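Breakdown of the fold
Residues per chain are reported as follows:
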Amino acid sequence: LFSGPSSIQLGSDVANLLGVPLSDLTVGNFADGETSVNVHNTVRGKEVFIVNSTNSVDSLLELLLMISCLRRASAKNITAVIPYY
């Protein structure tokens, strides 16, 4: 279970309710303004869930980059949980 930067509190609450740890993911920016995503856990062959709202264009871009990063890290299934509130 991963949480994007726009839904950190919700992601940690979901992880707490499910009894699973929230996996480590870093989303940052390079000096030129480009977004970087780093996954610090092994996801090869695993089912992955990402909790991230899309309340802005930047949040949507971060979600898409997280999905791309996890796909390149060989995650078996990726499910995006997009809250609407």
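Figured I'd write up the structure that's included with this text. All figures in this text were calculated on a predicted structure; none of them were measured in a lab.

**Things to note about the overall build of the protein**
- Of regular secondary structure, the protein possesses two helices and five strands.
- Beginning at the N terminus, the succession of helices and strands in the protein can be written as β-α-β-β-β-α-β.
- What you see for the protein is a C-alpha radius of gyration of 12 Å, in line with the 12 Å of a compact globule of 85 residues.
- Sorting the 85 residues of the protein into buried and exposed places 28% on the buried side.
- Across the protein, contacts joining residues at least 24 apart in sequence account for 55% of those joining residues at least 6 apart.
- For the protein, the exposed area adds up to about 5500 Å²; of that, 54% sits on carbon and sulfur atoms.
- In the protein, the 5 positive side-chain charges and the 7 negative ones have mean positions that sit 17 Å from each other.

**Quick look at the sheet that holds strand β4 (residues 47-51)**
- Taken in spatial order, the three strands line up as β1-β4-β5 in an open sheet, and their pairing is parallel. Every interior strand has two partners, whereas the edge strands, β1 (2-3) and β5 (77-81), have only one.
- In this sheet, β5 lies alongside β4 in parallel orientation, the contact comprising five bridges. Bridged to E47 within β5 is N77.

What counts and how
- Residues numbered from 1 in each chain as written.
- Predicted model: local features only at pLDDT ≥ 70, side-chain atom pairs only at ≥ 80, totals over all residues.
- Heavy atoms only, no water.
- Helix = DSSP H or I, 4+ residues; strand = E, 2+ residues; numbered from the N terminus.
- Rg over C-alpha atoms; globule rule 2.2 N^0.38 Å.
- Buried < 20%, exposed > 50% of the residue type's maximum accessible area, 1.4 Å probe, protein only.
- Contact = heavy atoms within 4.5 Å.
- Areas by Shrake-Rupley, 256 points an atom, 1.4 Å probe, with all protein chains shown as cover.
- Lys, Arg positive; Asp, Glu negative; His and termini not counted.
- Charge placed at Lys NZ, Arg CZ, Asp CG, Glu CD.
- Pairing = 2+ DSSP bridges.

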